[in-house]
Amino acid sequence: MRIPLTALAGCMVAGLLVPAPAAAAGRVGQAGLMSVMGGEVVPQECAIPAIRVGSVASLRAFHRAMAGCADRFWAGRFAGAGLAYSPPEVTITTGTGSVCGAITSSGAQYCPDQRTIAIRIMKNDLRDPFRMNIAHSVAHEWGHHVQQLIGVLNAQAALYGPASAAARRLLSHRLEMQAECFAGVFYSATLKSIRPGISWKDWISAVRMADESDVHGKPRNLAHWQDRGFHGGATGFCDTWTASRSKVA
């Protein structure tokens with residue numbers, strides 16, 4: 001079994017990574033999805049199929065099943081918060097092109113203008129299809145779609161545009177870590193169905209040891225936010241915008 005030492009999902013498309021101001025996050029947190037702080041986590045059953053080594057068709061089926069699982073989960077959360085919800089488009093390819101340009105080497109990205117999650121089936125996934133790594137491509141990018149729907153992505157441009165390079169880097173970290181936290185919230189209800197092939201403790205340890213990324217930030221902080229979402233089970237635990245620098249650097 002391959003332990004995912006590079007277990008960080010894809011990111012926003014270059015040029016569209018414009019993180020939200022803390023003020024916007026605060027407004028979202030007072031009413032709507034981000035205000036939902038607690039409540040019992042209800043397990044969600046999802047039929048996620050097996051992956052056959054070397055099979056593009058089985059990887060496509062896995063991604064589609066993960067997308068259906070994420071769609072049902074977030075539709076329920078938005079309905080519970082009284083908010084309108086619509087799913088993203090999901091495209092899956094073995095090539096490098098997508099509706100928003102070239103897909104990066106990470107294998108997945110979110111295209112805000114097109115509201116599309118673009119997934120590239122990578123050679124490593126065909127050779128060694130580690131379920132949790134592959135599942136995280138969908139879970140993390142769906143987190144970016146949630147940010148789009150609650151207004152975080154639209155609010156962020158005003159702050160990102162005039163910011164210095166150092167400030168932009170920190171804002172990118174806040175964005176990516178919130179998406180990681182949202183992925184953790186999703187896993188809180190669905191992890192058993194995903195049959196990840198790794199314990200949650202070992203997964204978080206692997207995330208903590210992953211390679212550092214200028215866009216995503218320190219792996220230990222990414223692990224912290226994903227774990228926080230998982231154990232909190234609600235989006236209200238995912239306010240990365242007012243967290244201290246040390247928690248998002």
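In what follows, the structure referred to is the one given above.
Residues numbered from 1 in each chain as written. Predicted model: local features only at pLDDT ≥ 70, side-chain atom pairs only at ≥ 80, totals over all residues. Heavy atoms only, no water.

Participant: Would you mind going over the state of the cysteines in detail, with residue names and values included?
Facilitator: Applying the stated criterion to the full structure yields three disulfides. The partner cysteine of Cys100 in its disulfide is Cys111, sulfur to sulfur 1.9 Å. Taken as a pair, Cys100 in the loop between β3 (97-98) and β4 (101-102) and Cys111 in strand β5 (residues 108-111) lie far apart in primary sequence, eleven residues in all. When its relative accessible area of 17% is taken as the criterion, Cys100 is described as buried. (Disulfide = S-S within 2.5 Å. Helix = DSSP H or I, 4+ residues; strand = E, 2+ residues; numbered from the N terminus. Buried < 20%, exposed > 50% of the residue type's maximum accessible area, 1.4 Å probe, protein only.)

Participant: So what about helix α4 (residues 131-149)? Which residues, and what values?
Facilitator: Side chains three or four residues apart in an α-helix point the same way, a direct result of the helix having 3.6 residues per turn. Spanning 19 residues, α4 covers 27 Å between terminal C-alpha atoms, matching the ideal 27 Å at 1.5 Å per step. Of all 19 residues in α4, 18 are buried, a share of seventy percent or more. At the exit of α4 stands Gly151, carrying a positive phi of roughly 95 degrees. (Expected span 1.5 Å × (residues − 1).)

Participant: Give me helix α5 (residues 152-160): which residues, what numbers.
Facilitator: Listed in full, the buried residues belonging to α5 are Val152, Leu153, Ala155, Gln156 and Tyr160. Looking down the long axis of α5, one finds its buried residues gathered within 155 degrees of arc, a one-sided arrangement. Away from the buried face of α5 by more than 90 degrees, exposed residues Asn154 and Ala158 are located. (Arc of directions from axis to C-beta.)

Participant: Explain the side chain of Ser55 to me, using residue names and the numbers behind them.
Facilitator: Assignment of secondary structure puts Ser55 in the loop between α1 (22-30) and α2 (56-80). For Ser55, a relative accessible area of 11% puts it in the buried group.

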